[in-house]
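Here are the chains, one letter per residue:
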Amino acid sequence: QLGNRIRTREMLSRILRLSRSELGALLNHGTPLPVSVTPYYAGLLDTDNPLQALRRTVIPVESECMHARGEDDDPLNEEKDSPVPGLVHRYPDRVLFLVTDFCSTYCRYCTRSRMVGKRSEDCLSRGNWEPALRYIEKNAQIRDVLLSGGDPLTLSNHRLEWLLSRLRRIPHVE
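Residues numbered from 1 in each chain as written. Predicted model: local features only at pLDDT ≥ 70, side-chain atom pairs only at ≥ 80, totals over all residues. Heavy atoms only, no water.

Participant: For this particular structure, what's the right way to read the overall build of the chain?
Facilitator: Each helix and strand counted, the chain has six helices and three strands in total. Reading the secondary structure of the chain in the N-to-C direction produces α-α-α-α-β-β-α-β-α. Across the 174 residues in the chain, those meeting the buried criterion constitute 44%. For the chain, the exposed surface amounts to about 9900 Å²; the carbon and sulfur share of it is 52%. (Helix = DSSP H or I, 4+ residues; strand = E, 2+ residues; numbered from the N terminus. Buried < 20%, exposed > 50% of the residue type's maximum accessible area, 1.4 Å probe, protein only. Areas by Shrake-Rupley, 256 points an atom, 1.4 Å probe, with all protein chains shown as cover.)

Shown next, in the form of structure tokens:
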């Protein structure tokens, strides 16, 4: 599925009858989110109905390219609660660990569109995780670590097991 993702206007045009608004968004090089749809998900889309809910979830429209005054790239204000790259520490006993910036399918409503899918698909690695892991180790009040990103389940089993094992070694993390 990952290797055969649909990522271009040309590929989408082969499977969908694109609306004027969808086509305009795909031709706009400033689209806020990259386009990526797995073949399985694409098979669920209505080829003729641009208003289908599933289709609206993954296919951009022109209005997405417009930004209103005051519209924020970080609507959840996560960056202000980021003591180290890739970690959001908003609540005393809980952190959000952004372990990847990659998803197999990019959702149009993603609140992390400022970062997801814009860099190399393998940019967040063990070396990049170390500052976050050290931060978690040094803060004994942290008991809960939520893995997110992107989609952490797109990591290989080996990398995910390494990360979970490393977190399990931290005594205060439940």
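Participant: How do you make sense of the sheet that holds strand β2 (residues 94-100) when you look at a structure like this?
Facilitator: Strand pairing in a sheet takes place through backbone hydrogen bonds and is either antiparallel or parallel in direction. Ordered by their spatial adjacency, three strands build an open sheet running β1-β2-β3, and the pairing between neighbours is mixed. Strands at the two margins of the open sheet, each flanked by one partner only, are β1 (87-91) and β3 (144-149). Averaged over all pairs of adjacent strands, the angle between strand axes in this sheet comes to 25 degrees, irrespective of strand direction. Both β2 and β3 contribute to a ladder of six bridges, which runs parallel. Looking at β3, one finds that R94 is bridged to D144. The strands touched by helix α5 (residues 126-138) are β1, β2 and β3; relative to β2, the strand with the most contacts, the crossing angle is about 165 degrees. Sitting on the sheet, helix α6 (residues 157-168) touches β2 and β3, and the angle it makes with β3 is about 155 degrees. (Pairing = 2+ DSSP bridges. Axes fitted to C-alpha atoms, helices over the stretch in contact; angles between N-to-C directions. Contact = heavy atoms within 4.5 Å.)

Participant: Which parts of the structure should I look at to understand the nonpolar core?
Facilitator: Within soluble globular proteins, side chains that are nonpolar generally end up buried alongside one another. L87, F97, W129, I136, V145, L163 and L167 are the most contacted members of the largest nonpolar core, which totals 18 residues. Looking at this core, the elements with two or more residues in it are β2, α5 and α6. No other element matches α5, which puts five residues into this core. Sequence-distant contacts of I136, that is, excluding residues within four places in its chain, are made with L87, V95, F97, I142, V145, L167, I170, H172 and V173. (Core = buried A, V, L, I, M, F, W, Y, C linked by side-chain atoms within 4.5 Å.)

Participant: I keep staring at the environment of V84 and nothing clicks. Help me out?
Facilitator: Among the secondary structure elements, V84 is positioned in the loop between α4 (53-58) and β1. Separated by 51 residues in the primary sequence, V84 and Y135 place their C-alpha atoms 7.6 Å from one another.

Participant: I would appreciate a short explanation of the pairing of β2 in the present structure.
Facilitator: The element β2 is extensively covered by neighbouring structure, given that six of its seven residues are classed as buried. Between β1 and the antiparallel strand that follows it, β2, lie two residues.

Participant: Help me understand the packing of α5 against α6, please; the structure alone is not making it clear to me.
Facilitator: When two helices pack together, their arrangement is captured by the angle between the axes and the distance separating the axes. The geometry of α5 relative to α6 is characterised by a closest axis approach of 11 Å and an angle of 20 degrees between their N-to-C directions. With respect to each other, α5 and α6 are oriented roughly parallel. Every pair of crossing elements has a handedness; the one defined by α5 and α6 is right-handed. Within the contact between the two elements, α5 uses R126, W129, E130, L133, I136 and E137 and α6 uses H158, R159, W162, L163, R166 and L167. (Parallel < 35°, antiparallel > 145°, perpendicular 65-115°, else oblique. Left-handed = near helix turned anticlockwise from the far one by under 90°.)

Participant: I tried to follow the packing of aromatic side chains on my own but got confused; where do I start?
Facilitator: The description of an aromatic ring pair rests on the distance of the ring centres and on the angle between the ring planes. All told, the structure shown has one aromatic pair when counted by the stated rule. The interplanar angle of 25 degrees and the centroid separation of 5.9 Å between the aromatic rings of W129 and W162 together place this pair among those described as stacked. Placement of W129 in helix α5 and of W162 in helix α6 is noted, with a sequence separation of 33 residues between them. The exposure class assigned to W129 is buried, which follows from its relative accessible area of 1%. (Phe/Tyr/Trp six-rings, centres within 6.5 Å; stacked < 30°, edge-to-face > 60°.)

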